Every structure is written in C-alpha cells, then in structure tokens.
Amino acid sequence: MRPPHVQEVPAVTTTPQAVRRASPRTRRPATPAAPEKSAGLLPQAEPVRLLDPDGTPLPSRADYPEPPVEALREMYRRMVVGRRFDTQATALTKQGRLAVYPSSRGQEACQVGATLAVRDTDWVFPTYRESMALVSRGIDPVEVLTLLRGDWHCGYDPTRVHTAPQCTPLATQCVHAAGLAYGESYQGRDTVALAFIGDGATSEGDFHEGVNFAAVFKAPVVYFVQNNKYAISVPLSRQTAAPSLAYKGVGYGVPSEQVDGNDPVAVLAVLTRAVAHARAGHGPFLVEAHTYRMEPHTNADDASRYRDADEVEAWRDRDPVARLETYLRNRGALDDAAVAAIAEEAEAYAADLRDRMNAQPTVDPLSLFDHVYAEPTPQLVEQREQVRAELAAARDEEGDA
Ligand SMILES: Cc1ncc(C[n+]2csc(CCOP(=O)(O)OP(=O)(O)O)c2C)c(N)n1
Ligand SMILES: [Mg+2]
C-alpha cells in the first residue's frame, strides 16, 4: 500500500501511446532537433567483448582494435603469477602471517589489464582489493602485503613506484587521483592517473566529487570501476538503480564505456583507449568492467550467507585466465612448454613470498610516533616517552628473570 504522504504520480514514459494520450495542454511544442549534448559520452548498450567466454575470438572492431599478441602473452604471464600470489596471500592469513586479505580471484583480467595499460611514470590509485594489480605493476609482494600484516605504513614508497597507498576508506582515492592528475597537467606533464574503484563505492560522495572535479578541470584520470557484483554482502541490485555504473559518467560530462571484465583482450583494448583519451588532454574517462568476486569479501567473511553456490559456479565458466590461455594456444602464441614455464615461475614466486613472509618482522614500537606530524605535539612527545619507559622497564624485567 502507498504511504499516505506519497501522491500517485503517473510514471514518465516515452511510448507512442503515451504521446497520443497526452492532452493538448501538456503536449510540448515542436522544437527543431538540438545537437545531442550527450553524444560520445554514453557507454555502448552492451559491454565491449572481443572473446567469447570459451576463448573464441569475435569479429574484430574498428573502435577497439585488438592489442598486440606480445602484450596479450605478457598479460597471460602476469595473470597466472597474480593468481598464484593471490592464493598464497589467502593461505598466509590462515597461518596467521597476515591479519586480513581481500582476494581478487576472478578479477585477474581487470587487475592486470589496467596496470598494463598505463606507463610506469603514470600514477595508480588502488583500493584494498588491488594487491594483485600492484604486484603486476612490479612492486615487491612483501611490500604490498605489509599494510595487511598490521604495519602502520604502506610498505612501499609511493613516490618511487608512482602508486598511492591502498585506500580502505571507500572512494577517497577518486579525489586524490583528480588532484594529482590536475597538478601534473598544470605543470605540463602528460601523466595519467588510474583510479580503481568498486561497484559499492560508486555510491560514495567522494566518487562523485572526484569525477566532477576531474571533468570540470579536464584532469587526465581514468576511473576504473570493477563491478564485481557485491559490496561485502550488498548485491548490485540493492546498490543502484542505474542501467549500468558506466552511465554515471554522463551526468558529469565524462565519456564512459562498459566492458566484459572477464575478457582480457577487451579489458586491455578498452583501457588502452581510455588512457590514450586522458593523456591526449581530453579529460577523464570512466570504464565499468563487469566481473565477479569469486572468493568472499575477505578471509573474515562467509559469502555463503548471502549468495548461492550456483551463482559462483556459473562464473567459473567465464574464468579470464582459461579464456586467454585458450585464445593464445589457438593462435599458436602459447604452447605446453610456455604454459609449464609460466606455472613454474608462479610457483617460485609464491615460494619466495612464503619464505620472506615467514621471517619474523622486527618493528620498533617507537617508530609509531615518527610521522604523525612534521613537528610532534607536546602530548605526542609525552606519550612517546611513556612508551619508551615501558619498553625499557620490560627489557629490565626480562634481564632480571
Ligand atoms: C567510507 C567507508 N564506508 C564503509 C566502509 C566499509 N567497507 C569496506 S569494503 C566495503 C564494500 C565495498 O564494496 P565495493 O566498492 O563494491 O568494493 P569491493 O570490496 O567489492 O572490491 C565497505 C562498505 C569503508 N571501508 N569506508
Ligand atoms: Mg564490489
């Protein structure tokens, strides 16, 4: 039943019957056709796809030329190593070596494709979900996992690797990316900022503020939405009524596209074009990739409480790693020996990560106070002294025992 304060209002419709029914008073006067202001901004009605889920190539298209085969081979290598890194990180949580780990299994095409599309000198703005993207970018995996181990700093030096710390406060990286990109273009550099964001976080104010700022000031940012269908337990249907998240760009005057996020060839093609658009000075670009989070939100989540096993199984058939492997094998660009060599490389990568993560970290508790402010406040100095005294007392006690 309708709540009493809600008036019944007929639904807006554009069917020919509705136009015929409209009274002369409400009929709009005929106006000459205006230029379509949204031309070039709207995404295509269907996500761009260049490979079928079974790896069969679809007809080539002029708007999204296929990336060179060497780039696709490199993409396959990084996806295999990335997936092995991801399973190793999940295992490390079970061994108590990591406090928490958000897996991106199933999102390999997005994680690797996005990092392949940008240069080392571009800036990446990741969320907590992007550990695989960061190792694909060449950052030491132990440094990537430092934050998730409970350390106070992000592990890597952001200015050296042109990668911001992984953001846990949702969507804040969208504003940071807009600011950095604007600053870079203001200083005459052609740096592009790549901001990752999840489907749920597109409901946050910072996403809209970042996209709007970037659009108005033509900041070269690629906003890359990985729509993995869930924000923890909240499904996409409870997140938005938009036809697709890519349509959020048009409201800000930002050209947008949607892509099959489990099609590695299409992901790389679409992101390559988005990055080129931003680098050429045309302002931001928004890409929505339709993908799926195969694992729970983190190791601390039980996904069986909010989604069916059948749904997960259906996405297993769209596995991006198998899809690219089949395609490259059929093209003669990959054979058994190459696949085995890459698998071996991935095992060695995981073994090295395991060994180094199993080494007991040495942390100095006093370093907690080092970077709070450029000039420490009197309270901080006092607290630091308290901790120092407690540590000294504990050491004395150990010595006496
Ligand atoms: C500002 C803010 N609000 C709430 C949270 C809690 N939170 C952490 S992850 C998450 C879900 C985000 O989902 P999505 O954006 O789809 O990204 P995904 O985890 O699926 O990659 C929420 C609500 C947070 N980290 N920051
Ligand atoms: Mg999500």
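Residues numbered from 1 in each chain as written. Chains lettered and ligands numbered in written order. Predicted model: local features only at pLDDT ≥ 70, side-chain atom pairs only at ≥ 80, totals over all residues. Heavy atoms only, no water.

Looking only at helices and strands, the chain has 13 helices and seven strands in total. Counting only C-alpha atoms and orienting by the principal axes, one finds that the chain spans roughly 95 × 60 × 55 Å. Counted over contacts in the chain with a minimum sequence separation of 6, partners at least 24 positions apart contribute 75%. Looking at the chain, you have 42 positive and 55 negative side-chain charges, and the mean spots of the two groups are 9 Å apart. (Helix = DSSP H or I, 4+ residues; strand = E, 2+ residues; numbered from the N terminus. Contact = heavy atoms within 4.5 Å. Lys, Arg positive; Asp, Glu negative; His and termini not counted. Charge placed at Lys NZ, Arg CZ, Asp CG, Glu CD.)

Y76, F224 and L324 are the most contacted members of the largest nonpolar core, which has 47 residues in total. Of all the secondary structure elements, the ones that give two or more residues to this core are α2 (69-94), α3 (108-117), β2 (193-198), β3 (221-227), α9 (264-279), β7 (285-290), α11 (320-330) and α12 (336-358). Among the elements that make up this core, the one with the highest residue count is α9 (10 residues). Setting aside residues no more than four positions away along its own chain, F224 makes contact with C110, A114, L194, A195, F196, I197, L271, V287 and A289. (Core = buried A, V, L, I, M, F, W, Y, C linked by side-chain atoms within 4.5 Å. Buried < 20%, exposed > 50% of the residue type's maximum accessible area, 1.4 Å probe, protein only.)

Our focus in this paragraph is the site of ligand 1. Around ligand 1, 15 residues are found, and the nearest of them are Y128, R129, G200, A201 and Y230. A distance of 2.8 Å separates an oxygen atom of ligand 1 from a polar atom in the side chain of R129. Contact between ligand 1 and T168: a nitrogen atom at 2.9 Å from a main-chain N or O atom of the residue. Within the complex, the protein chains bury 72% of what would otherwise be the 580 Å² of accessible surface of ligand 1. (Near = heavy atom within 4 Å. Polar contact = N/O pair within 3.5 Å; in protein donor to acceptor, adjacent residues only side chain to side chain. Areas by Shrake-Rupley, 256 points an atom, 1.4 Å probe, with all protein chains shown as cover.)

For the structure shown, the criterion picks out 21 salt bridges. As a salt-bridge pair, E345 and R77 come within 2.5 Å of each other at their nearest N and O atoms. With E345 in helix α12 and R77 in helix α2, the pair connects residues that are 268 residues apart, well separated along the chain. The exposure class of R77 is partly exposed, given its relative accessible area of 26%. (Salt bridge = Lys/Arg side-chain N within 4 Å of Asp/Glu carboxyl O.)

Bringing the packing of α2 against α9 into the picture now. One can describe the packing of α2 onto α9 by two numbers: an axis separation of 11 Å at closest approach and a directional angle of 115 degrees. Classified by the angle their axes make, α2 and α9 are roughly perpendicular. The crossing of α2 and α9 is right-handed. Facing A71, L72, M75 and M79 of α2, the residues of α9 in contact are P264, V265 and L268. (Axes fitted to C-alpha atoms, helices over the stretch in contact; angles between N-to-C directions. Parallel < 35°, antiparallel > 145°, perpendicular 65-115°, else oblique. Left-handed = near helix turned anticlockwise from the far one by under 90°.)

Further remarks concern the sheet that holds strand β6 (residues 256-260). Taken in spatial order, the five strands make up an open sheet running β1-β2-β3-β7-β6, and their pairing is parallel. Of all the strands in the sheet, just β1 (123-125) and β6 have a single pairing partner and so form its edges. Between one strand axis and the next, the sheet turns by 20 degrees as a mean value, whatever way the strands run. The strands touched by helix α8 (residues 205-216) are β2, β3 and β7; relative to β3, the strand with the most contacts, the crossing angle is about 150 degrees. Along the sheet face, α9 touches β3, β6 and β7 and points at about 155 degrees away from the line of β3. (Pairing = 2+ DSSP bridges.)

Let us now look at the coordination of the magnesium ion (ligand 2). Summarising the metal site, the magnesium ion (ligand 2) is bound by the protein donors D199 (OD), N228 (OD1) and Y230 (O), whose distances to it range over 2.1 Å. Of the residues examined, D199 reaches a relative accessible area of 1% and is grouped as buried. (Donors = N, O, S within 2.8 Å, 3.2 Å for Na, K, Ca; no water.)

This part takes up the confidence of the model for the chain. In the predicted model, the chain carries a mean pLDDT of 92, and the fraction of residues at 70 or more is 91%. Segment residues 1-6 is flagged for pLDDT under 50; beyond a separation of four residues in sequence, or across chains, it makes two contacts in the model. (pLDDT = per-residue confidence, 0-100.)

As a further point, take the environment of Q95. Looking at the element boundaries, Q95 is found in the loop between α2 and α3. Each C-alpha atom, one on Q95 and one on K229, is 29 Å from the other, the two residues being 134 residues apart in sequence.

Within β3, seven of the seven residues are buried, which leaves it mostly tucked inside the rest of the structure. The alternating pattern of β3 places V221, Y223, V225 and N227 and V222, F224 and Q226 on opposite faces, both of which are buried. Note: β2 against β3, six bridges, orientation parallel. Its bridge partner being in β3, G198 is matched across the sheet by Q226. Of the crossover connections in this fold, the one passing from β2 over α8 to the parallel β3 is right-handed. Pairing analysis gives six bridges linking β3 to β7, with the strands arranged parallel. Bridging from a neighbouring strand, Y223 pairs with L286 of β7. (Right-handed = clockwise from strand over helix to strand, strands pointing away.)

Here the focus is the environment of Y101. With respect to the helices, strands and loops of the structure, Y101 is situated in the loop between α2 and α3. Each C-alpha atom of the pair Y101 and N358 lies 16 Å from the other, and the pair is 257 residues apart in sequence. With sequence-adjacent residues up to four places away left out, Y101 is seen in contact with F85, D86, A89, T90, T93, S131, L145, L148, T298 and N299.

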